[in-house]
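Spelled out from the first residue to the last, the chains are:
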Amino acid sequence: VMTANPVVYCEFVGTAYMANPGTIFYWNGTTNWPTAGTVGSGTAITDLRAVGGYIVACLGANKLLYSANGTAYTQSAGTLSEIDYITEIRGVAWGVGGTNKVYSTADVTGAWTLQGTVGDSLYGFTDIYNCQDFLLIGKQDGFYSIDRDGAVYEVRDSGEINSTTV
């Protein structure tokens with residue numbers, strides 16, 4: 001039974017999934033949201049996305065869970081600081097965590113590589129997006145983009161990308 005407001009949502013292999021602290025639910029096609037998996041009582045799930053053939057639950061604090069079937073979740077074997085939000089661009093998963101770290105991997109079940117930092121470390125992330133193969137990163141202190149070489153650019157209020165790296 002869903003006991004709190006859902007905090008994240010995604011679609012994976014044609015099924016809708018929703019999560020609230022500690023539990024991931026799926027839409028069964030009627031009026032119910034049965035439990036698909038649990039991640040620990042009260043554990044915050046910061047993001048839930050379909051990435052690289054898996055449904056991935058980001059828990060921050062050194063935990064990233066993945067599932068190939070939506071019900072059995074395994075902790076990523078990779079060493080990483082923390083991943084709070086995740087997206088995918090052309091087969092590469094990108095994640096952000098901590099206060100300003102950006103990571104990538106070709107396999108969410110394995111190792112992640114630190115690609116650099118974004119923005120002021122005093123401000124946390126709000127999300128990461130794939131927008132037409134551009135990586136867009138939301139933070140409490142601004143909106144950023146990162147290119148394939150790891151250079152970070154600030155996105156201005158007008159939508160224009162600052163031509164100098166941050």
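S.K.: Outline the environment of D120, supporting the account with residue identities and numerical values.
M.R.: Here D120 lies in the loop between β12 (113-117) and β13 (125-131). Looking at D120, the relative accessible area reads 34%, which means it is partly exposed. Each C-alpha atom, one on D120 and one on Q140, is 9.2 Å from the other, the two residues being 20 residues apart in sequence. There is a polar contact of 2.8 Å between the side chain of D120 and the backbone nitrogen of L122.

S.K.: Which residues make up the side chain of D47, and what are the values?
M.R.: In this structure, D47 sits in strand β5 (residues 47-51). With relative accessibility at 4%, the residue D47 sits in the buried group. In this structure the side chain of D47 is engaged in a polar contact, spanning 3.1 Å, whose partner is the side chain of R49. A distance of 3.0 Å separates the side chain of D47 from the backbone nitrogen of I86, its partner in a polar contact. When sequence neighbours within four positions are dropped, the list of residues in contact with D47 reads V8, V56, A57, C58, D84, Y85, I86 and D127.

S.K.: Summarise the packing of aromatic side chains; cite the residues concerned and give the values.
M.R.: Summed over the entire model, instances satisfying the criterion amount to three aromatic pairs. Taken together, a centroid distance of 5.3 Å and an interplanar angle of 50° make the contact between W27 and W33 tilted. Here W27 falls in the partly exposed class, since its relative accessible area comes to 34%. Judged by relative accessible area, W33 falls into the partly exposed class, the value being 24%. In this structure, K139 is placed above the aromatic ring of F125, and the distance from its NZ or CZ to the ring centre is 5.1 Å.

S.K.: Outline the sheet that holds strand β2 (residues 15-20), listing residues and values.
M.R.: Overall, antiparallel pairing links the four strands, which are arranged β1-β2-β3-β4 in an open sheet. The open sheet has two edge strands, β1 (8-12) and β4 (35-38), and neither has a second partner. Ignoring strand direction, the axes of neighbouring strands in this sheet form an average angle of 25°. Of the strand pairs in this sheet, strand β3 (residues 23-26) and β4 are connected by three bridges, and their pairing is antiparallel. When the bridges of β4 are listed, I24 appears paired with G37.

S.K.: Mind laying out the nonpolar core, listing which residues take part and the relevant values?
M.R.: Judged by nonpolar contacts, the single largest core of 15 residues is most densely connected at Y17, I24, I45, L48 and I55. Secondary-structure elements contributing two or more residues to this core are β1, β2 and β6 (54-60). Non-local contacts of L48, meaning those with residues more than four positions away in its chain, are made with V8, Y9, C10, Y17, M18, A19, I24, I55, V56 and A57. Listed in part, the 13 residues of the second largest apolar core include W94, V102, F125 and V152.

S.K.: I'd like a description of the confidence of the model for the chain, backed by residues and values.
M.R.: Per-residue confidence for the chain gives a mean pLDDT of 84, with 87% of residues at or over 70. Averaged pLDDT values for the elements of the chain fall to 57 in strand β17 (residues 161-165) and rise to 94 in β5.

S.K.: Tell me about the sheet that holds strand β9 (residues 85-89), and name the residues and values.
M.R.: If you walk across this open sheet you meet the four strands as β9-β10-β11-β12, and the pairing is antiparallel. Because the sheet does not close on itself, it has two edges, and the strands there are β9 and β12. Recorded for the sheet is a direction-independent mean angle of 25° between the axes of neighbouring strands. In the sheet, β9 pairs with strand β10 (residues 92-97) via five bridges, with the strands oriented antiparallel. Paired with I89 across the two strands is V92, which belongs to β10.

Reading guide: rules and limits
Residues numbered from 1 in each chain as written. Predicted model: local features only at pLDDT ≥ 70, side-chain atom pairs only at ≥ 80, totals over all residues. Heavy atoms only, no water. Helix = DSSP H or I, 4+ residues; strand = E, 2+ residues; numbered from the N terminus. Buried < 20%, exposed > 50% of the residue type's maximum accessible area, 1.4 Å probe, protein only. Polar contact = N/O pair within 3.5 Å; in protein donor to acceptor, adjacent residues only side chain to side chain. Contact = heavy atoms within 4.5 Å. Phe/Tyr/Trp six-rings, centres within 6.5 Å; stacked < 30°, edge-to-face > 60°. Lys NZ or Arg CZ within 6 Å of the ring centre and 35° of its normal. Pairing = 2+ DSSP bridges. Axes fitted to C-alpha atoms, helices over the stretch in contact; angles between N-to-C directions. Core = buried A, V, L, I, M, F, W, Y, C linked by side-chain atoms within 4.5 Å. pLDDT = per-residue confidence, 0-100.

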